[in-house]
Every structure is written in structure tokens, then in C-alpha cells.
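In case you want the letters, here they are:
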Amino acid sequence: MTQFTFDAPTVIRAKRDGGRLSDEAIDWVIDAYTHGRVADEQMSALLMAIFLRGMDRAEISRWTTAMVASGVHLDFSDLRRDGHRLPTVDKHSTGGVGDKITIPLVPVIAACGAAVPQAAGRGLGHTGGTLDKLESIPGFTAELSNAQVRQQLSEIGAAIFAAGELAPADRKIYALRDVTATVESLPLIASSVMSKKLAEGADSLVLDVKVGRGAFLKTEAESRELAATMVELGKAHGVPTLAVLTDMNVPLGRTVGNALEVAESLEVLAGGGPSDVVELTVRLAQEMVELAGLDGVDPAQTLQDGTAMDRFRALVAAQGGDLAAPLPIGAHSETVTAPRSGTMGDIDAMAVGLTVWRLGAGRARPGQRVQFGAGVRIHRRPGEPVAAGEPLFTLYTDTPERIAAAMAELDGGWSIVDGAEPIRPLIIDRIA
Ligand code: URA
């Protein structure tokens, strides 16, 4: 067998100069970085080279496989309830603003009769992360052992957990990308999402691929390519996978920020909540139950009859959370009011995402603590009438010195118009 020897500067230089990374170079660099033999600054340079030069599908596939191989691979093929095999299915989003869909969706699927082993992430760039959101519930922990994940799946049908031993290479690379401006890269997003999802061992997978200003990739063509790449990766690994392209020009719902989004998710689970959050939750749930082979179930019904809420309460309790305790809210707030009457126009998801990040809901350094109570409440959605002086946005933070910079991000990110504001369709396409 040929013995390959590598060093980080040579691998970085190859990609910096626009070359392909060989399978062996990819396997080596992922393994060496996972085990601390490649330094953060070297991986940062390689990530920037990949960001600038890209990777072809074969490189992405190998990079993903190497990240899966960096950790354990869960297997739920023997999961049973009441003597029957329990199908597993999961969903992952490529990252959006106000995208709290996982929180109501996971208990909806559990209530429909499948199990969701959801390995979730923390905030990335201007987008929030499910783990940061759920950890705003007092006592909630996402650090679950594999045994606990398995037990929750068979008893409740759901576990939402930090990837931990799954794809540890992604955990390190994800944290590095967050603070080195290397998030917005098709190969890095595709491999990050798919490595976690393939390692978590769900039978099938639905991907929510975001399109528009608040998405990491800016053009619809790039989002379509990302969706197709990930669907191919899933299928190549034997996991039936489909993607739904959804609009991310405008934030989802009326809240952006960790605890604020949990509160809104509870409204959805109680049968209310913003119509776009409900629509996307139900649509993704329909795709998931179909992939899981469940017949005659209606995901929307589980939001109305309380069965999804019951699953969420059970999930939170199993993970140490106390839903009776108040959710945190920033101690300082500032409200933007309408300068004139009219119709709420467009709201730029990127502007709102950066506002919330500046308020303290995201990270600027690795490992930084996020503020659970920081965020923005959107009082008027595009198309809704506004009267002069009415509140449009309320900003919350624990650190009032952040408000000026946050206000500057929001400035220019919304408008009041005369007449009707065209509303974009939320669901753009389905790629299978
Ligand atoms: N979600 C992930 O898990 N990784 C990314 O890179 C983007 C969104």
C-alpha cells in the first residue's frame, strides 16, 4: 500500500492555487485537524482557500465522508415501540433568520408516530442556532449521551442534542467558520450539514434550503446547486433525502433571537403563531411523514389537538428544562416606531439577523456566551397596515451599549410603502 505523507502548508497551497484536493489529502487534513495535529490557524487558511476556490462534487463528497468518519455513527435500525419498528426521520436547515422551525417541527413528527434524532447546531454568522435557542429554557441541556438519545427516541419520539461525538471535525470547523468569515461557502455548508445528518443515523432526511438575502448563499441558482449537492450526498450514503427551497428574504415569524423564538414556537405548538412559521412547519412535516412511510396522519392536526405540545413538554422535561420558569428577556429595550402611516414594506432578513447578532444573540469569538434574552420583536410584517407612531420593531439586549450599533444595522433594512406590498411565496420548489 502506498504511504502518503502530508503537511498542512502543502495542502493549503494546493487549494489556494486553485487545485483539487486528493482523497488522501482530505482524509489526512480532517483527521489531523480533529486530533489537533493541524492548528486552528492552518485550518482557517484552508477554509478561506476553499471559500475562495471552491470544491467539486467529488471533493465535497470525500470531505463529508471524512467528517462523518471523524466520529461515531449512530444506528437506530433496531428502534422499536409497541413491537413495531419505529421509523426515524430528520430535517436540517441551511440557516436563516427567525428560523425556529425545528422547535415545533420535531414534536409534530413525534406526535405523528416517527422518531427524530435531531443533532442541532449553535448560531452561525448572522443566523441563530437551535441549541442556543433551546438552552434559553432554564435547565435545558443538549449534552445527551447516546443512550439517552436512544431512550428518548423510543419513549418520546424526539431528542435534540449537540452533535458531540458525531462528526467532531464539523464541530471544530463550524466554530472556526463562524469567526473567520468562511461560512458562506457551498462546499462547506453542504459537508457541514450532511456530515452531522449522516452520522446521526436517521432513516431519511428533509432539507430546508434557504434562498434570498438572509441565506448564506445569495442567488437562487447557488441555493439550487446546494440543494442538489446535498440530496446527492444523502442518496449516495443510502439515506433517502429531499430538499425544499424556501424564501429567506424576510425573517420567519415575528421574533428573532434565542428566547424570543422559543416563546413564538410555543405559540405555534399551542395552535397559534405566525402563519409563515405554521405553513413551513406543516409543509416540512408532510414531507417527513411521507418519507417515513406514515399513512393517514395529519401533521397540522397535532398543532391543534395539543399532541405536538405534549411531545415538546416531554422532550424539554427529559432534557432538564423547566417550561414553567419564565424565559429570559433582555433587560434593556428600544422601540422603532413608524415615521408615517402606510403599509409595512419589505423587511431585509440579513439586516435583522445582523441587528440581533449585534444585540448579543450570536458570537464574535469562539466559545463566546450568547445572550438568551437578546433579539428583535417584529410588530408589523410586510403587507400589514401601519399608523404613524406605532411600534415596528423592539430591540432587546442585556448590554445597552450594543443598541446603537444594532440600530445602525436595522437602518435601511425596512420601509413603509403606499398601497399593497407584494408577498413572496414561502415555498419555492422541491428537489428530490
Ligand atoms: N447548518 C450547518 O449545520 N452548517 C452550515 O454550514 C450551515 C447551516
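- In the nomenclature of an unreviewed UniProt entry, the chain corresponds to Thymidine phosphorylase from the organism Candidatus Mycolicibacterium alkanivorans.
- In UniProt, the chain has this text filed under Subunit (unreviewed entry): "Homodimer."

## What to know about the sheet that holds strand β6 (residues 204–211)
Point 1. Sheet architecture is open: 4 strands sit in the order β3-β6-β7-β15, paired in mixed fashion. A single partner strand is all that each edge strand has here, and the edge strands are β3 (89–93) and β15 (427–431). Pairs of neighbouring strands in the sheet enclose a mean axial angle of 20°, with direction left out of account.
Point 2. Together, β3 and β6 form the strand contacts of helix α9 (residues 186–200), whose direction differs from that of β3 by roughly 165°.
Point 3. Running at roughly 160° to strand β7 (residues 241–247), helix α10 (residues 220–236) makes contact with β6, β7 and β15 of the sheet.

## With respect to the domain arrangement of the chain
Point 1. Domain parsing of the chain yields domain 1 (8–69), domain 2 (80–318) and domain 3 (332–417).
Point 2. Listed per partner, the contact involves 27 residues of domain 2 and 29 residues of domain 3.
Point 3. When domain 2 packs against domain 3, the two sides together hide about 2,100 Å² of surface, and 56% of this comes from carbon and sulfur.
Point 4. If you sort the residues of domain 2 by the area they bury against domain 3, Arg213, Arg254 and Leu260 come out on top, with a joint share of 28%.
Point 5. The interface formed by domain 2 and domain 3 contains 5 salt bridges.
Point 6. Put simply, Arg381 and Asp276 hold a salt bridge, and the shortest N to O gap is 3.0 Å.
Point 7. The interface formed by domain 2 and domain 3 contains 14 residue pairs in polar contact (both at pLDDT 80 or more).
Point 8. Elements that contribute at least two residues to the side of domain 2 that touches domain 3 include exactly α8 (168–179), β8 (255–256) and α11 (258–269).

## Some details on the pattern of salt bridges
Point 1. Tallying each qualifying case throughout the model produces 33 salt bridges.
Point 2. As a salt-bridge pair, Asp208 and Lys210 come within 2.8 Å of each other at their nearest N and O atoms. Lys210 carries the same exposure label as Asp208, and that label is buried.
Point 3. Through salt bridges with shared partners, a single network forms among Arg122, Asp132, Glu135, Glu143 and Arg363.

## Topic: the pairing of strand β10 (residues 342–347)
Point 1. When you tally the buried positions in β10, you get 5 out of 6 residues, the bulk of the element.
Point 2. Two elements, β10 and strand β12 (residues 385–386), share 2 bridges in a ladder whose sense is antiparallel. Across the sheet, residue Gly342 finds its bridge partner in β12, namely Val386.
Point 3. Relative to strand β14 (residues 414–417), β10 is paired through 3 bridges, and the arrangement is antiparallel. Residue pairing for β14: Ile347 is matched across the bridge by Trp414.

## Description of the side chain of Ser204
Point 1. If you trace the backbone, Ser204 turns up in strand β6.
Point 2. Its relative accessible area of 2% is what places Ser204 among the buried residues.
Point 3. For Ser204, the residues in contact, after removing those within four places along its chain, are Thr88, Val89, Asp90, Val239, Pro240, Leu291 and Ala292.

Basis of the calculations
Residues numbered from 1 in each chain as written. Predicted model: local features only at pLDDT ≥ 70, side-chain atom pairs only at ≥ 80, totals over all residues. Heavy atoms only, no water. UniProt positions renumbered as here; feature names shortened; annotations may be inferred. Pairing = 2+ DSSP bridges. Helix = DSSP H or I, 4+ residues; strand = E, 2+ residues; numbered from the N terminus. Axes fitted to C-alpha atoms, helices over the stretch in contact; angles between N-to-C directions. Contact = heavy atoms within 4.5 Å. Domains from an automatic or database assignment. Buried area = accessible area lost by both parts, 1.4 Å probe. Salt bridge = Lys/Arg side-chain N within 4 Å of Asp/Glu carboxyl O. Polar contact = N/O pair within 3.5 Å; in protein donor to acceptor, adjacent residues only side chain to side chain. Buried < 20%, exposed > 50% of the residue type's maximum accessible area, 1.4 Å probe, protein only.

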